[in-house]
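So the chains spell out like this:
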Amino acid sequence: MSEMDDLAAFAVLIEAGSFTLAAQQLGCSKGQLSKRISLLETRFSVVLLQRTTRRLSLTAAGAALLPQAQALVVQVEKARQALARLKDDMAGPVRMTVPVSLGETFFDGLLLEFSRQYPEVQIELDLNNSFHDLSRDGFDLAIRSEVANDQRLVARPLLAWHEMTCASPAYLEQYGEPQTPQALADHRCLLNSHYSGREEWLYHQQHELLRVRVSGPFASNHYSLLKKAALAGAGIARLPSYLLQTELADGRLRWLLRDYQTRSMPMYLVHPYQGGLPKRTQVLADYLIDWFKRSGEALARLQQ
């Protein structure tokens, strides 16, 4: 036993008033408890107790030491209660809503990794491109590309993504690779029907804005379907950079028109404003911010 344990045992002994009761509370024998008190007296080179068959009485040294020993017991109990509260706060649900393409792309692996570290946290993930009212609908966290001026919400930046023009090697072998945005007019382009101006693709170079009219055999409001079509060689797509890390790394898609800039969009982790997040929610929020930081760094290395 440590010296701190022996000090705590001394405080329990005085509170109980007898070796028998104190030994029962501490889960040890009377002999073991007596030995611990003797060791404490030896360490401090003092006598702490006057032992008689009827009662225990403190010596002057014992009376001086008792408040410190009692304070130690109080601190240990506070620590135990704090850990119990932490454990309770770490166990339970966290409701989160994210855009469909983002959730489908890598949230399965991300949340599986998180769950291995924090098995007590149960994550309920809503994939939705519509904005929920987080407080009204009972969501703890959200990932959004736009943040309204809402004082009820706290927004923390995750990353900034941009659209990348890409196509499969098979498509490029058959139709050739466009060297300028204007050349896209002669290619089969995959259109995003979520945008009203889906047939006009914008590019920037040296402060010059280029508008290109495009057309193609397939349109969808779903980024994941557009990516699958591009992988199948159906045409050229413009997709969020966060969707393409694996496909660019293994060569299944190639980034085209790298010298031309496309629109960039920030992405935020959002939660309702409150005095302090539950520990399980805070842990997940911190984990997401760190994960997206590492993911962004990996994508930046691919783009160099």
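Residues numbered from 1 in each chain as written. Predicted model: local features only at pLDDT ≥ 70, side-chain atom pairs only at ≥ 80, totals over all residues. Heavy atoms only, no water.

As recorded in an unreviewed UniProt entry, the protein chain goes by DNA-binding transcriptional regulator, LysR family and comes from Pseudomonas mandelii. The record in UniProt for the protein chain states the following under Sequence similarities (unreviewed entry): "Belongs to the LysR transcriptional regulatory family." (UniProt positions renumbered as here; feature names shortened; annotations may be inferred.)

Here we come to the overall build of the protein chain. Check the secondary structure of the protein chain and you find 10 helices and 13 strands. Relative to its 304 residues, the protein chain shows a buried fraction of 40%. The long-range share in the protein chain, meaning contacts at least 24 apart out of those at least 6 apart in sequence, stands at 74%. Put simply, the protein chain shows about 17000 Å² of open surface, and 50% of that area lies on carbon and sulfur atoms. Charged side chains of the protein chain number 33 positive and 32 negative; the gap between the two group centres comes to 7 Å. (Helix = DSSP H or I, 4+ residues; strand = E, 2+ residues; numbered from the N terminus. Buried < 20%, exposed > 50% of the residue type's maximum accessible area, 1.4 Å probe, protein only. Contact = heavy atoms within 4.5 Å. Areas by Shrake-Rupley, 256 points an atom, 1.4 Å probe, with all protein chains shown as cover. Lys, Arg positive; Asp, Glu negative; His and termini not counted. Charge placed at Lys NZ, Arg CZ, Asp CG, Glu CD.)

On to the packing of aromatic side chains, then. One pass over the full model with this rule turns up 5 aromatic pairs. Taking 5.5 Å as the distance between ring centres and 75° as the angle between the ring planes, the aromatic pair formed by W291 and F292 counts as edge-to-face. Each member of the pair, W291 as well as F292, is classed as buried. Members of the aromatic cluster, joined through ring pairs, are F114, Y118 and Y287. (Phe/Tyr/Trp six-rings, centres within 6.5 Å; stacked < 30°, edge-to-face > 60°.)

On to the layout of surface pockets. Its boundaries defined by the atoms lining it, the largest pocket holds a volume of some 530 Å³. Considering the residues around the largest pocket, the lining is formed by 26 residues, among which P99, N129, S145, H194 and Y223 are closest to the centre. Looking at the lining of the largest pocket, the elements with two or more residues in it are β3 (92–98), α5 (100–117), β5 (141–144) and β13 (264–272). For the lining of the largest pocket, the leading source of residues is β5, giving 3 residues. No fewer than three residues from each of domain 2 (90–154 + 264–300) and domain 3 (159–262) sit in the lining of the largest pocket. In terms of lining, the second largest pocket is formed by 15 residues, of which the most central are E163, E200, W201, R238 and R263. Those elements that place two or more of their residues in the lining of the second largest pocket are β7 (188–192) and β8 (200–205). (1 Å grid on protein atoms, 1.4 Å probe; cavity = no way out; pocket = protein on both sides within 12 Å on 5 of 7 lines; lining within 4 Å. Points joined across faces, edges and corners; volume = space filled by probe spheres on them. Domains from an automatic or database assignment.)

Compared with an ideal rise of 1.5 Å per residue, which puts 14 residues at 20 Å, helix α1 (residues 3–16) spans 20 Å between its outermost C-alpha atoms and is within 8% of the ideal. Here α1 has its buried residues at D6, L7, A8, A9, F10, A11, V12, L13 and A16. Just past α1, the residue G17 takes up positive phi, approximately 90°. (Expected span 1.5 Å × (residues − 1).)

Turning our eyes to something else, we now look at the pattern of salt bridges. All told, the structure shown has 13 salt bridges when counted by the stated rule. Among the ionic pairs, R36 bridges to D6, the shortest N-O distance being 3.1 Å. With a gap of 30 residues between them, R36 in helix α3 (residues 30–44) and D6 in helix α1 connect regions that are remote in the sequence. As far as the burial class goes, R36 and D6 line up, both buried. For D250, the salt bridge is made with R252, and the minimal N-O distance between the two is 2.9 Å. For R252, a relative accessible area of 39% puts it in the partly exposed group. Connected through salt bridges with shared partners, the residues K227, E247, D250 and R252 form a single ionic network. (Salt bridge = Lys/Arg side-chain N within 4 Å of Asp/Glu carboxyl O.)

Quick look at the packing of α1 against helix α2 (residues 19–26) now. Their axes nearest at 8 Å, the elements α1 and α2 cross at an angle of 130°. Taken together, the axes of α1 and α2 are oblique relative to one another. Relative to α2, α1 is oriented so that their crossing is right-handed. Every residue of α2 that contacts α1 at A9, V12, L13 and A16 is listed here: F19, L21, A22, Q25 and L26. A breakdown of the residues in the contact of α1 with α2 according to their chemical character gives 8 nonpolar, 1 polar and no charged. (Axes fitted to C-alpha atoms, helices over the stretch in contact; angles between N-to-C directions. Parallel < 35°, antiparallel > 145°, perpendicular 65-115°, else oblique. Left-handed = near helix turned anticlockwise from the far one by under 90°. Nonpolar A, V, L, I, M, F, W, Y, C, P; charged D, E, K, R; others polar.)

Attention shifts here to the domain arrangement of the protein chain. Under the domain assignment used here, the protein chain contains domain 1 (1–84), domain 2 (90–154 + 264–300) and domain 3 (159–262). For domain 2 versus domain 3, the separation of C-alpha centres amounts to 28 Å. Listed per partner, the contact involves 14 residues of domain 2 and 12 residues of domain 3. Between domain 2 and domain 3, roughly 1300 Å² of surface is buried when both sides are summed, and carbon and sulfur atoms account for 59% of that area. At the boundary of domain 2 with domain 3, the tally comes to 0 salt bridges. Counting across the interface, domain 2 meets domain 3 through 4 residue pairs in polar contact (both at pLDDT 80 or more). Elements that contribute at least two residues to the side of domain 2 that touches domain 3 include exactly α5, β13 and α10 (279–303). Ranked by residues supplied to the side of domain 2 that touches domain 3, first place goes to α5 with 6 residues. Partitioned by chemical class, the residues of the side of domain 2 that touches domain 3 number 9 nonpolar, 4 polar and 1 charged. (Buried area = accessible area lost by both parts, 1.4 Å probe. Polar contact = N/O pair within 3.5 Å; in protein donor to acceptor, adjacent residues only side chain to side chain.)

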